[in-house]
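These are the residues of each chain, in order.
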Amino acid sequence: MKHVIETTPSGLHITATVGADRQAALLEAFGQCAAGTCSCPSTQYGKLQAIEVQAGEGSVSVELTAREGEQLDPEDIARCLDHTARQVGA
């Protein structure tokens, strides 16, 4: 899985490129993160207001919205993405 993390006015936007055979597993893993049951070793959950996950053709987009007054750490999120990719075999 390859990913790009972009800073937005409200948080971070992530685009993860993944093969069609791993997309469903990645969507499920990101869905667990959105539900707060992700296994990522991250301190960023307390800073999140919302997580939106959308499937695209060959990619998954994730919009992370920070709580007011908080700023998300792109490096910590990148480590979380790497962890998730290893778990789903992407």
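Everything below is about the structure printed above this text.
Residues numbered from 1 in each chain as written. Predicted model: local features only at pLDDT ≥ 70, side-chain atom pairs only at ≥ 80, totals over all residues. Heavy atoms only, no water.

Q: So what's going on with the state of the cysteines? Residues and values would help.
A: A disulfide bridge is the covalent bond that connects two cysteines by way of their sulfur atoms. For the coordinates displayed, the defined rule picks out one disulfide. The residue that forms a disulfide with Cys-40 is Cys-80, at a sulfur-sulfur distance of 2.0 Å. The disulfide joining Cys-40 to Cys-80 has a torsion of about 100° about its S-S bond and is therefore right-handed. You can see Cys-40 sitting in the loop between α1 (20–35) and β3 (48–56) and its partner Cys-80 sitting in helix α2 (residues 74–88), a full 40 residues away along the chain. (Disulfide = S-S within 2.5 Å. Helix = DSSP H or I, 4+ residues; strand = E, 2+ residues; numbered from the N terminus.)

Q: So what's going on with the pairing of β3? Which residues, and what values?
A: Sheet topology places β3 next to strand β4 (residues 59–66); eight bridges connect them, and they run antiparallel. By the bridge assignment for β4, Ala-50 is matched with Thr-65. The hairpin formed by β3 and β4 contains two residues between the paired strands, and Gly-58 there has a positive phi angle of roughly 80°. (Pairing = 2+ DSSP bridges.)

Q: Now, about the sheet that holds β4: what can you tell me, with residues and values included?
A: Ordered in space as β1-β2-β4-β3, the four strands form an open sheet in which the pairing is antiparallel. The sheet terminates laterally at β1 (2–8) and β3, the two strands that pair on one side only. Averaged over all pairs of adjacent strands, the angle between their axes in this sheet comes to 15°, without regard to strand direction. Relative to β4, strand β2 (residues 11–17) runs antiparallel, the two sharing seven bridges. Bridge pairing links His-13 to Glu-63 in β4. The strands touched by α1 are β2, β3 and β4; relative to β3, the strand with the most contacts, the crossing angle is about 165°. Against the sheet, α2 makes contact with β1, β2 and β4, and its axis sits at roughly 155° relative to β1, the strand it touches most. (Axes fitted to C-alpha atoms, helices over the stretch in contact; angles between N-to-C directions. Contact = heavy atoms within 4.5 Å.)

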